[in-house]
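In case you want the letters, here they are:
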Amino acid sequence: GRKSDSNKTRPTATRHNTGQQKIRLADSDNCATTAAIQIIQCCKLAAWLMQLCTCMIGVTIISITHNYHNHQHYYYYHHATETMTTQKKRKARSPRTKAEATREDNYTGSHYCVRCAQKKKRCVFEEDKQQCILCELEGTTCQLLGQTWLHSHASSKLGRRSACVRCAKRKKKCVYNDNDEYNFKTTCSQCNDDNVPCCVGVNFRGAGNHTTLLSGVHKTVVAENNMETLVAIVTFDTAAKVQATIDHPMNSDAKTSTQRPARVRNNFGLCLSDITLGEKSYKEIVSYGSGCGATSVGTTFNTNYLRELTDDMNSLRVKVYSILEHHQYLVPFLKPFNHLQFSINGNKGLQHEKTCQNIQTGMHCDMSYSFSDKNGIQCLPTMNSQEFNTVVAIITVGHSRIIKFERVAWEKGITGDVLETRYFILTHLSLFLLHPLDERPALRDKGSKVLSIWRHGDVRLLCNNHSCRVRCDATCHVENENIVSFSLALRCCNHSTIIDTETDSPPLSNDDRQQLQLPPLNDAQKERNINATIELQKYYQSGSKAIFDAWLLRATRKVLDEFYASRDK
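> Please explain the pairing of strand 7 (residues 271-277) as it appears in this structure.
Each regular strand shows side chains that alternate between the opposite faces of the sheet. Pairing analysis gives six bridges linking strand 7 to strand 8 (residues 280-287), with the strands arranged antiparallel. Note on strand 8: the bridge partner recorded for Ile275 is Tyr282. As consecutive antiparallel partners, strand 7 and strand 8 are separated by two residues, and within that stretch Gly278 has a phi angle of approximately 65°, a positive value.

Okay, structure coming up:
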């Protein structure tokens, strides 16, 4: 009953509201249409706004990214400056031990060794090991790629020139008048038209991933080319005939070379001609250190010994040159070696001298660049006895040395802050190459207009005491007793000196010098010669020479026992 009653009432209600419902439906249709149109318009507006926002966001992202990179460059530059200031205050020194020298923050290149890079194999190092897994399994010497001068990339731009310094700073196109990419003695067309000095830039493509340093050391090249015997003969024969010199280092008093902390040097050159004056005979011999070295080392005339290269030395220089000329990227910087400098690094038997603290060679550049407003940046032949743009090859015999490289700001011939530091370990029978472009003023920082050069030095013997950190102690003295490191440095030089064959030194008599068309010695040089003669007499009579000779004999035997006897067995 209730169901029927409800059914009866619904139609009445429906009929009663039919007209109003139609009106309401019509109004709702109009509203829906209007709403749909508004929604479509809003969607179009939203789409247009999205496009606009996307463009603006893109521009904003580009702007933010650009500003970020600029800020990042600014941060890195100022962070580097702050780091330099901190390091300068701390007075950082060269590492003393091998472990300290091979820390990751002193690393110069990639994380691949030479062997793995050539064979395109994965290079994996176990923790606290100097050998990668593959080299260790094969029993071969492992050497990191970034620390060697060995380079085999076929398309490398290593050592080629780039835009000159002036055009690079102004971001102008730089065109040279010749096609020789290794000619650094030229002028670009822009500088030539403007009649201003031109300094050719350096292209660093092909160098290590993290550095612009082209110099490096190769540990196995001597052994791989069967030169061990020849190197040993030259080293030990020369050591047996070493001569003490009297040096006047810059801003210092006279010192006997075998009594000062710095290394002992003896020079040998190619004989260019024989000269006879009456009963006296002279030789014109290629010389090194007769440019800036004459001032920095300051060896007196009567002890500035220069001897002719021996037959074994001639064989060695020819052999090393023939090995290096197989590397095409080195050929433009190679000229036949005509000079050998033999050096002895050690404490020379002086008990008060501490081996791992003594600096054997100070910071310097082999090639000196000067500046003048008229001629710009120059490498003057009168100030450099080494041939322009040629490599120096250094073979080490005996205990390891560490050599420090510093990249310093360079402006108008004056060096500034230290920008970068690297270290190399010169091990027994390693061949180190000093690349001439490292010492050339160049733009080495991307986006920077600051010129810089690499200088080297702070050479020390590595300490055999693994706990050596801050200063030497009694353990260091025991572990380093009688250690020595010999070096054979081969160069191509463009200076020569006339030598008296009886004394192995330049002629001292002004009459003889006049006949040989040499300038007379001035009073200061004569006085130094007299003082040098007195110092040498003291050196012989005081027993200092006997002490040095005894130490050198013990040190030579130690090298033979540690580096040669075990191999012969």
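> What is the right way to look at unusual backbone geometry in this model?
As a rule of thumb, non-glycine residues mostly have phi less than zero, and peptide bonds are mostly trans rather than cis. Even without glycine at this site, Asn226 takes up a positive phi of about 55°. Counting through the fold element by element, Asn226 comes out in the loop between helix 8 (221-224) and helix 9 (228-240). We note that Asp458 has phi near 50°; this positive angle belongs to a residue other than glycine. Taking relative accessible area as the criterion, Asp458 reaches 14% and is therefore assigned buried.

> How should I be thinking about the sheet that holds strand 6 (residues 264-269) in this particular structure?
The strands that make up a sheet are held in pairs by hydrogen bonds between backbone atoms, and each pair lies either parallel or antiparallel. Spatial strand order, 3-16-13-19-10-6-9: seven strands in an open sheet with mixed pairing. Every other strand in the sheet has two partners, leaving strand 3 (216-218) and strand 9 (306-308) as the edge strands with one partner each. The sheet shows a mean angle of 25° between the axes of neighbouring strands, taken without regard to direction. Judged from the seven bridges that link them, strand 10 (residues 339-345) and strand 19 (residues 485-491) form a sheet pairing that is antiparallel. Looking at the pairing, Gln341 lines up with Ala489 of strand 19.

> Before we go on, may I ask you to explain the pattern of salt bridges in this structure?
Where charged atoms from two side chains of opposite charge approach closely, those side chains can pair. Tallied over the entire structure, the rule returns 18 salt bridges. Across the pair Asp549 and Lys545 runs a salt bridge, and its minimum N-O distance is 2.6 Å. In this pair, Asp549 and Lys545 are both assigned in helix 15 (residues 544-568), four residues apart and thus about one turn of the helix distant. The class for Asp549 is partly exposed, based on a relative accessible area of 33%. With its nearest N and O atoms 3.2 Å apart, the salt bridge here joins Glu562 to Lys558. Of the two residues, Glu562 and Lys558 both sit in helix 15, four residues apart, roughly one turn of that helix. Judged by its relative accessible area of 40%, Glu562 falls in the partly exposed class. Take Lys558: its relative accessible area is 22%, and that puts it in the partly exposed class.

> Got a minute to help me understand the environment of Phe337 in this structure?
Within the element layout of this structure, Phe337 appears in the loop between helix 11 (311-324) and strand 10. The contacts of Phe337, once residues within four sequence positions are left out, are Arg317, Val320, Tyr321, Leu324, Val391, Ala393, Leu490, Arg491 and Cys492.

> Sorry if this is basic, but what is going on with helix 14 (residues 523-541) here?
Think of an α-helix as 3.6 residues a turn; residues three or four steps apart then line up on the same face. If you check helix 14, its first and last C-alpha atoms are 27 Å apart, about what 19 residues at 1.5 Å a residue would give, namely 27 Å. All buried positions along helix 14 are accounted for by Asn529, Ala532, Leu536 and Tyr539. Burial along helix 14 is one-sided: seen end-on, the buried residues are contained in an arc of 85°. Structural note: helix 14 exposes Asp523, Glu527, Ile530 and Gln541 on the side pointing more than 90 degrees away from its buried face. Capping of helix 14 at its N-terminal end is provided by Asn522; its side-chain oxygen lies 3.2 Å from the backbone amide nitrogen of Ala524.

> Looking at this model, I keep getting lost on the sheet that holds strand 8. Mind explaining?
A sheet is described by the order of its strands in space; here three strands give the open sequence 7-8-20, paired in antiparallel fashion. On the outer flanks of this sheet lie strand 7 and strand 20 (495-500), each paired with one strand and no other. Direction aside, neighbouring strands of the sheet carry axes that sit 25° apart on average.

> Help me understand the nonpolar core in this model?
Among the nonpolar cores identified, the biggest contains 73 residues, and Val231, Leu316, Val320, Leu324, Leu340, Ile344 and Phe486 are the most heavily contacted of them. Excluding its chain neighbours within four sequence positions, the residues that come into contact with Leu324 are Trp149, Leu330, Leu334, Phe337, Ala393, Leu431 and Leu433. Judged by nonpolar contacts, the second largest core, of 13 residues, contains Phe424, Trp454, Val459 and Ala489.

> Could you clarify how one ought to interpret the confidence of the model for the protein chain in this entry?
Should the pLDDT be low somewhere, the predicted coordinates at that spot are not to be read in detail. Averaged over the protein chain, the pLDDT score is 78; the fraction of residues at 70 or greater is 70%. Segment residues 1-29: pLDDT under 50, and zero contacts once partners within four positions in sequence are set aside and those in other chains are kept. The low-confidence segment residues 52-92, where pLDDT is below 50, has seven contacts with residues more than four positions distant or belonging to other chains.

> Help me understand a nonpolar patch on the surface in this model?
A cluster of nonpolar side chains, Val124, Ile133 and Leu137, forms an exposed patch at the surface whose accessible area comes to about 260 Å². Tracing the backbone shows Val124 in the loop between helix 4 (114-119) and helix 5 (133-138).

> What should I look at first to understand the side chain of Thr258 in this one?
Tracing the backbone through its elements, the reader meets Thr258 in the loop between strand 5 (255-256) and strand 6. Judged by its relative accessible area of 1%, Thr258 falls in the buried class. What Thr258 contacts, discounting residues up to four positions off in sequence, is Ala244, Val264, Lys348, Tyr539 and Phe548.

> Can you walk me through helix 11 in this structure?
In this model, helix 11 (14 residues) spans 20 Å end to end at C-alpha, consistent with the 20 Å of a helix rising 1.5 Å per residue. Buried residues of helix 11: Met313, Leu316, Arg317, Val320, Ile323 and Leu324, and no others. All buried residues of helix 11 fall inside an arc of 130° around its axis, so they share one side.

Rules and cut-offs
- Residues numbered from 1 in each chain as written.
- Predicted model: local features only at pLDDT ≥ 70, side-chain atom pairs only at ≥ 80, totals over all residues.
- Heavy atoms only, no water.
- Pairing = 2+ DSSP bridges.
- Helix = DSSP H or I, 4+ residues; strand = E, 2+ residues; numbered from the N terminus.
- Buried < 20%, exposed > 50% of the residue type's maximum accessible area, 1.4 Å probe, protein only.
- Axes fitted to C-alpha atoms, helices over the stretch in contact; angles between N-to-C directions.
- Salt bridge = Lys/Arg side-chain N within 4 Å of Asp/Glu carboxyl O.
- Contact = heavy atoms within 4.5 Å.
- Expected span 1.5 Å × (residues − 1).
- Arc of directions from axis to C-beta.
- Polar contact = N/O pair within 3.5 Å; in protein donor to acceptor, adjacent residues only side chain to side chain.
- Core = buried A, V, L, I, M, F, W, Y, C linked by side-chain atoms within 4.5 Å.
- pLDDT = per-residue confidence, 0-100.
- Patch = residues over 30% accessible without salt bridge, like charges linked within 9 Å, V, L, I, M, F, W, Y side chains within 5 Å.
- Areas by Shrake-Rupley, 256 points an atom, 1.4 Å probe, with all protein chains shown as cover.

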